[in-house]
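Survey of secondary and tertiary structure
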Amino acid sequence: MTLSPRTRKLVLSLHIALSVGWIGAIAAYLALDVTVWRSQDAGVLRAAYLGMGIIAGWVIVPLALAALMTGILVSVGTKWGLFRHWWVVISMVLTLAATLVLFAEVRTIDAYARIAADPSASADHLRALGGTLPHSIGGMVVLLVVLVLNVFKPPALTPYGWRKLNPAGSRSTAARP
């Protein structure tokens, strides 16, 4: 399947917007996570946890799913393909892994937000939750690695890519794209 030039540009633009939005949403979430890590004030902790729950559930999850879907569409609808280039495969695996970790982490975030919403939760109890800082930092790092891969596009072909480029199977006579 190859997308028409106009459709390709539209889908690519949508994918870029969603991916940049995902990174931006994680930046906002990370700011709240750092606030949880540094604060001792129950009101600040409560507000941060509630904000983290809203950002994770209503912004990060939808952006992650939409970026994953448009990324697949861009790869299968263009010359890059889904399995021809290592940078595409690695980007897709990292994006899928980040999305799966996000789904697992959302349960924890929701639980923390429910605890924070309880007015009887003490500052000590809220501080003991500990936040999700390692996951938010890790998520940001993974998405930045994907961004760099997608900008620089290292030229290495997968074995499948080599076979598609040169059906005879000889790597030495095949030109690199």
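These figures come from a predicted structure and were not determined experimentally.

What follows concerns the overall build of the protein chain. Helix and strand counts for the protein chain stand at 6 helices and 0 strands. Along the chain direction, N to C, the helices and strands of the protein chain fall in the order α-α-α-α-α-α. Relative to the 2.2 N^0.38 estimate, which gives 16 Å for 177 residues, the radius of gyration of the protein chain is 20 Å and therefore markedly larger than a compact globule would have. Expressed along its principal axes, the backbone C-alpha trace of the protein chain runs to roughly 70 × 30 × 20 Å. Accessible surface, the protein chain as shown: approximately 10000 Å² in total, 71% of it carbon and sulfur. The positive charge centre, built from 15 side chains, and the negative charge centre, built from 6, are 30 Å apart in the protein chain.

Bringing the nonpolar core into the picture now. By size, the foremost hydrophobic cluster in this structure holds 30 residues, and its most contacted members are Trp22, Tyr29, Tyr49, Ile60 and Leu126. Among the elements that line this core, the one with the most residues is helix H2 (residues 42-76), at 12 residues. When residues no more than four places from it in sequence are discounted, the contact partners of Tyr29 are Met52, Ile55, Ala56, Ile60, Ile109, Thr132 and Ser136. Judged by nonpolar contacts, the second largest core, of 6 residues, contains Leu68, Leu82, Met92 and Leu149.

Let us look at the packing of helix H1 (residues 5-38) against helix H5 (residues 133-152). The geometry of H1 relative to H5 is characterised by a closest axis approach of 9 Å and an angle of 155 degrees between their N-to-C directions. Between H1 and H5, the crossing angle belongs to the class labelled roughly antiparallel. Viewed along their axes, H1 and H5 form a crossing whose handedness is left-handed. Residues Trp22, Ile23, Ile26, Ala27, Tyr29, Leu30, Asp33, Val34 and Trp37 of H1 touch H5, and the partners they reach there are Leu133, Ser136, Ile137, Gly139, Met140, Leu143, Leu144 and Leu147.

Thresholds applied
- Residues numbered from 1 in each chain as written.
- Predicted model: local features only at pLDDT ≥ 70, side-chain atom pairs only at ≥ 80, totals over all residues.
- Heavy atoms only, no water.
- Helix = DSSP H or I, 4+ residues; strand = E, 2+ residues; numbered from the N terminus.
- Rg over C-alpha atoms; globule rule 2.2 N^0.38 Å.
- Areas by Shrake-Rupley, 256 points an atom, 1.4 Å probe, with all protein chains shown as cover.
- Lys, Arg positive; Asp, Glu negative; His and termini not counted.
- Charge placed at Lys NZ, Arg CZ, Asp CG, Glu CD.
- Core = buried A, V, L, I, M, F, W, Y, C linked by side-chain atoms within 4.5 Å.
- Buried < 20%, exposed > 50% of the residue type's maximum accessible area, 1.4 Å probe, protein only.
- Contact = heavy atoms within 4.5 Å.
- Axes fitted to C-alpha atoms, helices over the stretch in contact; angles between N-to-C directions.
- Parallel < 35°, antiparallel > 145°, perpendicular 65-115°, else oblique.
- Left-handed = near helix turned anticlockwise from the far one by under 90°.

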